[in-house]
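Observations on chain architecture
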Amino acid sequence: MNWDDTTDTPAAERLVDSVADREDQAVEAALRPKDLGEFIGQEKVREQLDLVLRAARARGATADHVLLSGAPGLGKTTLSMIIAAEMNAPIRITSGPAIQHAGDLAAILSSLQEGEVLFLDEIHRMSRPAEEMLYMAMEDYRVDVIVGKGPGATAIPLELPPFTLVGATTRAGLLPPPLRDRFGFTAHMEFYEPVELERVIHRSANLLDVEIEADGAAEIAGRSRGTPRIANRLLRRVRDYAQVKADGLITRDIAKAALAVYEVDDRGLDRLDRAVLEALLKLFGGGPVGLSTLAVAVGEERETVEEVAEPFLVREGLLARTPRGRVGTPAAWAHLGLTPPRSTATGNGQGDLFGA
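For the structure given in this document, a descriptive report is provided here.

Strand direction decides the pairing type here: strand β8 (residues 319-322) and strand β9 (residues 325-328), joined by 4 bridges, are antiparallel. Along β9, the bridge assignment pairs Arg321 with Arg326. Joining the antiparallel neighbours β8 and β9 is a turn of 2 residues.

Here we come to the environment of Leu160. Note that Leu160 resides in the loop between β5 (154-159) and β6 (164-169). Overall, Leu160 belongs to the buried group, its relative accessible area being 9%. Through-space distance from the C-alpha of Leu160 to that of Gln113 is 8.7 Å; in sequence the pair is 47 residues apart.

Let us now look at the sheet that holds β6. Sheet architecture is open: 5 strands sit in the order β2-β3-β6-β1-β7, paired in parallel fashion. The open sheet has two free edges, formed respectively by β2 (91-95) and β7 (185-188), since each of these has just one partner strand. Taken over all neighbouring pairs, the strand axes of this sheet differ in orientation by 15° on average, direction set aside. Both strand β3 (residues 117-121) and β6 contribute to a ladder of 4 bridges, which runs parallel. Considered in β6, the bridge of Leu118 is made with Leu165. Where helix α3 (residues 76-86) meets the sheet, its contacts fall on β1 (66-69), β2, β3 and β6, and the angle it forms with β3 comes to roughly 175°.

This brings us to the nonpolar core. Core analysis: the biggest nonpolar cluster contains 49 residues, and Leu49, Leu79, Ile201, Ile212, Ile220, Val238 and Ile250 have the highest contact counts within it. A total of 7 residues in this core trace back to one element, the largest contributor, which is helix α9 (residues 228-245). The contact partners of Leu49, leaving out residues within four places of it in the chain, are Leu36, Val66, Leu79, Ile83 and Phe185. Leu105, Leu134, Tyr135 and Leu175 belong to the second largest nonpolar core, which has 24 residues in total.

Looking now at the packing of helix α11 (residues 271-283) against helix α12 (residues 291-298). With their axes 9 Å apart at the nearest point, α11 and α12 run at an angle of 110° to one another. As judged from the angle between their axes, α11 and α12 are roughly perpendicular. Here α11 contributes Ala275, Val276, Ala279, Leu280 and Leu283 to the contact with α12, which in turn contributes Leu294, Ala297 and Val298. Across the contact of α11 with α12, the residue classes break down as 8 nonpolar, no polar and no charged.

On to the pattern of salt bridges, then. Taken as a whole and assessed by the stated rule, the structure comprises 17 salt bridges. One salt bridge connects Glu86 with Arg57, and the closest N-O pair in it is separated by 3.5 Å. You can see Glu86 sitting in helix α3 and its partner Arg57 sitting in helix α2 (residues 43-59), a full 29 residues away along the chain. Taking relative accessible area as the criterion, Arg57 reaches 37% and is therefore assigned partly exposed. Between Arg128 and Glu131 there is a salt bridge, with its nearest N and O atoms 3.2 Å apart. Highlighted residues: Arg128 and Glu131, both in helix α5 (residues 128-140), separated by 3 residues, approximately one helical turn. Since its relative accessible area comes to 53%, Arg128 is described here as exposed. Among the residues examined, Glu131 registers a relative accessible area of 4% and is labelled buried. Here the residues in one salt-bridge network are Glu219, Arg223 and Arg252, joined through shared partners.

Conventions and cut-offs
- Residues numbered from 1 in each chain as written.
- Predicted model: local features only at pLDDT ≥ 70, side-chain atom pairs only at ≥ 80, totals over all residues.
- Heavy atoms only, no water.
- Pairing = 2+ DSSP bridges.
- Helix = DSSP H or I, 4+ residues; strand = E, 2+ residues; numbered from the N terminus.
- Buried < 20%, exposed > 50% of the residue type's maximum accessible area, 1.4 Å probe, protein only.
- Axes fitted to C-alpha atoms, helices over the stretch in contact; angles between N-to-C directions.
- Contact = heavy atoms within 4.5 Å.
- Core = buried A, V, L, I, M, F, W, Y, C linked by side-chain atoms within 4.5 Å.
- Parallel < 35°, antiparallel > 145°, perpendicular 65-115°, else oblique.
- Nonpolar A, V, L, I, M, F, W, Y, C, P; charged D, E, K, R; others polar.
- Salt bridge = Lys/Arg side-chain N within 4 Å of Asp/Glu carboxyl O.

Have a look at this one:
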């Protein structure tokens, strides 16, 4: 690969995408902490979860069911594995989309061992019949298996050994209240602070046998969108650059140069993010502009702009969603080094821009 060349990265393969690809999954398996003491960040969640698990161990009982919510890449899968390790129990991993029929869930539940941890990722995407079966399984450790069809159908109760369900979701609002209420412990995973990501990067660099200076780790952390998965991915790409273009040591200058090649700027925006902002500011004067029009302007699908680019831009205060359309904020003009129109700069018409 020519390090001086830059190419457009498809939305599905973005370096700052918080969804894990195959390479991420392989590397994360080696980098995952094994217990709560090694887990970095999420202080409140760790403290609360530690109390839940220690109390369960003291009683000699199975831990309560746990619901973890939050954006991708914040450590929900890692925490599920830590729960199993802390309880000295095996873990079985599946996902909501993989369970489309109640029979699929019944087969999994009936094969669980006593005390086993069942990790159900994207639990909000499970089918409704399976979801209703899960209610009884979580509360009474029992499922009813239907044998036959029509008037001759018979429900056979099947007793289950006590188990711990760990559900993970990126959209907790889609879970029905009866399911949420059956979890004994719920936790929301927050985005990480840069100082926490620096600790994550130093730990990962040590495991990957990568030499990194403190300012190099700080530079990567500042562009990682508050997400450990992205921090580890950027670390690997900067490591590659350092091995090819330098002596392997990651310094601030090396990190800056490497991330410039991958078009990740100092706030963590990539090509797609900047394309959306530039179209909004340069072509439409900062808005308001409709989502479909904005998507056409950047040559992407409407869903790509709305689901891939916008969440981070809104969280960073660079873009606002209003009843009249998308609007660029003063921070967006400043970040791109552009001068806003007079009405925006002086505040005239600002109420109209934000739909007030």
